[in-house]
Amino acid sequence: MRVEIEIAKEEDREEWDKLVEASPHSTIFHTWKWLKIMEKYSWMKTVMKKRVKCKLYPVIGLKGETPIGVFPLFLYNSSLFRMVASPPSKVEVDYLGPLIVNYDKLKQNKRESLFMEFQNAVDEFIVSELKADYISVKTPPEMIDCRPFLWSGYDVKPRFNYIIDLGRGIDYLWKQFKGGLRKKINTAEEKGVSVEEGSKKDLEYIYKYYYETFESQGLSINFSKEYLFDVYDAFYPHNLKVFVARYQGEFASGMIATCFRNIFSDWRGSVFPDLKTIPSNDLLHWETMKWAINNGFKYYEITWANTPRLNPFKSKYNPDLSIYFSATKHTSFLSKLIDVGYTRILKSMSIGRKRKYK
């Protein structure tokens, strides 16, 4: 019995979220609400400089009548090419990709056969139904079996975040920090920096600092303020938190964190503060780690461990590496011919043109 493909509809959203919850690799980005918000705001520019919106295809894999996996796909359709991505662009999501239901409860041979059959069915759907010329997938963290992509002809590369096991307790974590980090945290406290939960209004400050940080590096910000506000409205306060470091009552730095299952993640934030002589970001991370422990989270994720210039700040908390994979594939002769154009398109997914902050 082969795996069949079904596209979930709006009335299937509760069933979709149940399937997401049943996978040990699920992330908040796989939930129906976040997928629909991404569909609303994601876009990319073609080599002809045209803006193309995406369409969400929430794929469910069925073996008989039993759902075995989900795979959210986003299609960009232009006159020149058709591209499928998971995750989509311009929404600050590092990973998405497939989920296998009850993966951790299956024996290894069953895991492998289901995943491979599901991947084959999805590939067939992408090529025959969506008629994509190019596919880009980033798998969820710790789904370490990338072989179905390799066996399906994808170019697969490892990607990394950092992860901290909070189960060892606050005292243990503190002792594992570099001495210089502990000193900076103490300095920030002595200077009077405080960390507290922020509000929707503080998203404006975080966005502003993000914009200025990117601009100072000759880049442009990759997502809109409106996107942040919609995410906040949909997920605050249970699955999304805003934390703010303040100095003398003024905004010094901030973090937007996702809280899903047992993982607290510094999704976006820790932007460069104006008060560079006061280590507010160091204290911000330490206080949010303590908050995560006190609120029952088992892991603390620090994102963006693929950028050498950022890693010295992130690695000083003595985290472990968390792996995920980037898988890409050309599916037509046309896409191979214009490979240089696709490279430009992919770059535009992370680096857009500068635009005025408003």
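As a starting point, this report considers the structure included with it.

Rules of the game
- Residues numbered from 1 in each chain as written.
- Predicted model: local features only at pLDDT ≥ 70, side-chain atom pairs only at ≥ 80, totals over all residues.
- Heavy atoms only, no water.
- Helix = DSSP H or I, 4+ residues; strand = E, 2+ residues; numbered from the N terminus.
- Rg over C-alpha atoms; globule rule 2.2 N^0.38 Å.
- Buried < 20%, exposed > 50% of the residue type's maximum accessible area, 1.4 Å probe, protein only.
- Contact = heavy atoms within 4.5 Å.
- Pairing = 2+ DSSP bridges.
- Salt bridge = Lys/Arg side-chain N within 4 Å of Asp/Glu carboxyl O.
- Phe/Tyr/Trp six-rings, centres within 6.5 Å; stacked < 30°, edge-to-face > 60°.
- Lys NZ or Arg CZ within 6 Å of the ring centre and 35° of its normal.
- Expected span 1.5 Å × (residues − 1).
- Axes fitted to C-alpha atoms, helices over the stretch in contact; angles between N-to-C directions.
- Parallel < 35°, antiparallel > 145°, perpendicular 65-115°, else oblique.
- Left-handed = near helix turned anticlockwise from the far one by under 90°.
- Core = buried A, V, L, I, M, F, W, Y, C linked by side-chain atoms within 4.5 Å.

Examining the overall build of the chain
For step 1, the next point in the chain: In terms of regular secondary structure, the chain is built from 12 helices and 14 strands.
For step 2, the next point in the chain: What you see for the chain is a C-alpha radius of gyration of 21 Å, in line with the 21 Å of a compact globule of 358 residues.
For step 3, the next point in the chain: By principal-axis analysis of the C-alpha atoms, the chain measures approximately 65 × 50 × 35 Å.
For step 4, the next point in the chain: Out of the 358 residues belonging to the chain, those deemed buried represent 53%.
For step 5, the next point in the chain: Sequence-distant contacts, at least 24 apart, represent 74% of the contacts inside the chain between residues at least 6 apart.

Focus on the pairing of strand β10 (residues 240-247)
For step 1, the next point in the chain: Of all eight residues making up β10, eight are buried, and the element is well covered by its neighbours.
For step 2, the next point in the chain: Of the two faces of β10, the one lined by Leu240, Val242, Val244 and Arg246 and the one lined by Lys241, Phe243, Ala245 and Tyr247 are each fully buried.
For step 3, the next point in the chain: The sheet contact formed by strand β9 (residues 194-197) and β10 spans four bridges and is antiparallel. When the bridges of β10 are listed, Glu197 appears paired with Phe243.

A word on helix α2 (residues 32-41)
For step 1, the next point in the chain: Counting buried positions over the 10 residues of α2 gives seven, a clear majority of the element.
For step 2, the next point in the chain: Of all the positions in α2, only Trp32, Trp34, Leu35, Ile37, Met38, Glu39 and Tyr41 are classed as buried.

Regarding the pairing of strand β5 (residues 82-86)
For step 1, the next point in the chain: Of all five residues in β5, four are buried; the element is thus mostly enclosed.
For step 2, the next point in the chain: Relative to β5, strand β4 (residues 66-77) runs antiparallel, the two being bridged by four bridges. Opposite Tyr76, over in β5, you have Met83 as the bridge partner.
For step 3, the next point in the chain: The pairing of β5 with strand β7 (residues 134-138) spans four bridges and is parallel. Bridging across to β7, Ser86 finds its partner in Val137.

Looking at unusual backbone geometry
For step 1, the next point in the chain: The residue after Ser86, namely Pro87, is reached through a cis peptide bond having omega 15°.
For step 2, the next point in the chain: Topologically, Pro87 is positioned in the loop between β5 and β6 (99-100).
For step 3, the next point in the chain: Pro237 follows Tyr236 through a cis peptide bond whose omega is 5°.
For step 4, the next point in the chain: For Lys90, which is not a glycine, the phi torsion comes out positive at approximately 65°.

Some details on the side chain of Ser136
For step 1, the next point in the chain: By the element assignment, Ser136 lies in strand β7.
For step 2, the next point in the chain: The buried category is assigned to Ser136, whose relative accessible area is 4%.
For step 3, the next point in the chain: Among all residues touching Ser136, those that are not within four sequence positions of it are Met83, Val84, Ala85, Ser86, Ala327 and Thr328.

A short note on the pattern of salt bridges
For step 1, the next point in the chain: By the definition in use, this model includes 20 salt bridges.
For step 2, the next point in the chain: For Lys208, the salt bridge goes to Glu212, with nearest N and O atoms at 2.8 Å. Remark: Glu212 and Lys208 occur in helix α7 (residues 200-216); sequence separation between them is four residues, near one turn of the helix.
For step 3, the next point in the chain: Using a relative accessible area of 29% as the deciding quantity, one classes Lys208 as partly exposed.
For step 4, the next point in the chain: Judged by its relative accessible area of 32%, Glu212 falls in the partly exposed class.
For step 5, the next point in the chain: Here Lys290 ties to Glu287 by a salt bridge, and the two come within 3.0 Å at their closest N and O atoms. Note that Lys290 and Glu287 are positioned in helix α9 (residues 280-294) at a spacing of three residues, about one turn of the helix.
For step 6, the next point in the chain: A network of salt bridges, in which partner residues are shared, links Arg2, Glu4 and Glu124.

Comments concerning the environment of Phe115
For step 1, the next point in the chain: As for its placement among the helices and strands, Phe115 is situated in helix α3 (residues 108-128).
For step 2, the next point in the chain: By relative accessible area, which is 1% here, Phe115 ends up buried.
For step 3, the next point in the chain: C-alpha of Phe115 to C-alpha of Val52: the two residues are 63 residues apart in sequence and 31 Å apart in space.

Focus: the packing of aromatic side chains
For step 1, the next point in the chain: Per the stated rule, a full pass over the model turns up 29 aromatic pairs.
For step 2, the next point in the chain: Ring centres 5.1 Å apart and planes at 90° place the aromatic pair Phe149 and Tyr154 in the edge-to-face group.
For step 3, the next point in the chain: By relative accessible area, Phe149 is classed as buried at 1%.
For step 4, the next point in the chain: Three or more aromatic residues joined by ring pairs make a cluster, and in this case those are Phe29, Trp34, Tyr41, Tyr95, Tyr227, Phe235, Trp267 and Tyr324.
For step 5, the next point in the chain: Over the ring of Trp43 we find Lys90; its NZ or CZ atom is 4.7 Å from the centre of that ring.

Regarding α9
For step 1, the next point in the chain: Taking 1.5 Å per residue, 15 residues should reach 21 Å; α9 reaches 21 Å between its end C-alpha atoms and fits that length.
For step 2, the next point in the chain: All of the buried residues in α9 are Ser280, Asn281, Asp282, Leu283, Leu284, His285, Trp286, Thr288, Met289, Trp291 and Ala292.
For step 3, the next point in the chain: Where α9 ends, the next residue or the one after it, Gly296, has phi of about 85°, a positive value.

Examining the packing of α2 against helix α8 (residues 225-235)
For step 1, the next point in the chain: Across the interface, α2 lies against α8 with an axial gap of 10 Å and an inter-helix angle of 165°. On the basis of their axis angle, the class for α2 and α8 is roughly antiparallel. Classified by chirality, the crossing of α8 by α2 is right-handed. Residue-level inspection shows Lys33, Trp34, Ile37, Met38, Lys40 and Tyr41 of α2 in contact with α8, the latter providing Glu226, Tyr227, Asp230, Val231, Ala234 and Phe235.

Examining the nonpolar core
For step 1, the next point in the chain: Core analysis: the biggest nonpolar cluster contains 53 residues, and Trp16, Phe29, Trp34, Met38 and Tyr227 have the highest contact counts within it.
For step 2, the next point in the chain: Per-element tally for this core: the top contributor is α7, with seven residues.
For step 3, the next point in the chain: Counting residues in hydrophobic clusters, the runner-up holds 29 residues, among them Ala245, Leu283, Tyr300 and Tyr317.

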